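A closer look at the structure
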Amino acid sequence: MHLDHITIRTRDLPGTRAFFLKVFDELEERARPKAIHRIPGHWLYAGDKPIIHLIGSRGYGTDNGVEAYDHAGIHLDGYSAFRARLEALGIRYSTMDLEELDERRLFFRTPSGPLIEAVFHEPILEPEETRQ
């Protein structure tokens, strides 16, 4: 089993799109199926898979909900480089090291609030404190 995709509903469609494309340089936007063009949104691909679906929360049917999902866990490689990227972009984050799993995690939020968990399967060289 693996994550197929996550759909994020947002009031700030352009800002959320730009955020994901800036933070995750592996992503690229590609065309969505014609059947869903009536729904404002974007599909962001990693390789040949559309893993992040963004939809606007205003003006579609009766669904006027706000940003919605708890968090998405995204497996990445290169913990140190990705952490440096977040710092260079001025994105606040917190860390969690799970020594028994050889996992390192970085938690950060999109501009409109939803939480992202970046998961790295890498040995932990030294425990870290949560960044404030």
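Bear in mind the structure is a predicted one, so any value in this text is a computation, not a measurement.

Parameters and conventions
Residues numbered from 1 in each chain as written. Predicted model: local features only at pLDDT ≥ 70, side-chain atom pairs only at ≥ 80, totals over all residues. Heavy atoms only, no water. Pairing = 2+ DSSP bridges. Helix = DSSP H or I, 4+ residues; strand = E, 2+ residues; numbered from the N terminus. Axes fitted to C-alpha atoms, helices over the stretch in contact; angles between N-to-C directions. Buried < 20%, exposed > 50% of the residue type's maximum accessible area, 1.4 Å probe, protein only. Contact = heavy atoms within 4.5 Å.

Attention shifts here to the sheet that holds strand β5 (residues 71-75). In space, the four strands of this open sheet follow the order β5-β8-β7-β6, with mixed pairing throughout. Either end of the sheet is taken by a strand with one partner, and the two such strands are β5 and β6 (94-98). For this sheet the average axis-to-axis angle between neighbouring strands, irrespective of direction, equals 20°. Where β6 meets strand β7 (residues 103-109), five bridges bridge the pair, whose relative direction is antiparallel. If you follow T95 over to β7, its bridge partner there is L106.

Now for the environment of L27. Tracing the sequence through the fold places L27 in strand β2 (residues 27-30). Residue class for L27 comes out buried when judged on its relative accessible area of 10%. Distance in space between the C-alpha atoms of L27 and I52 is 9.0 Å, their sequence separation being 25 residues. Contact partners of L27, with chain neighbours within four places excluded, come to F20, L21, L44, Y45, A46, I51 and I52.

For T110, the position within the fold is in the loop between β7 and β8 (115-121). T110 gets classed as buried once you look at its relative accessible area, which sits at 5%. Setting aside residues no more than four positions away along its own chain, T110 makes contact with F19, F20 and I116.

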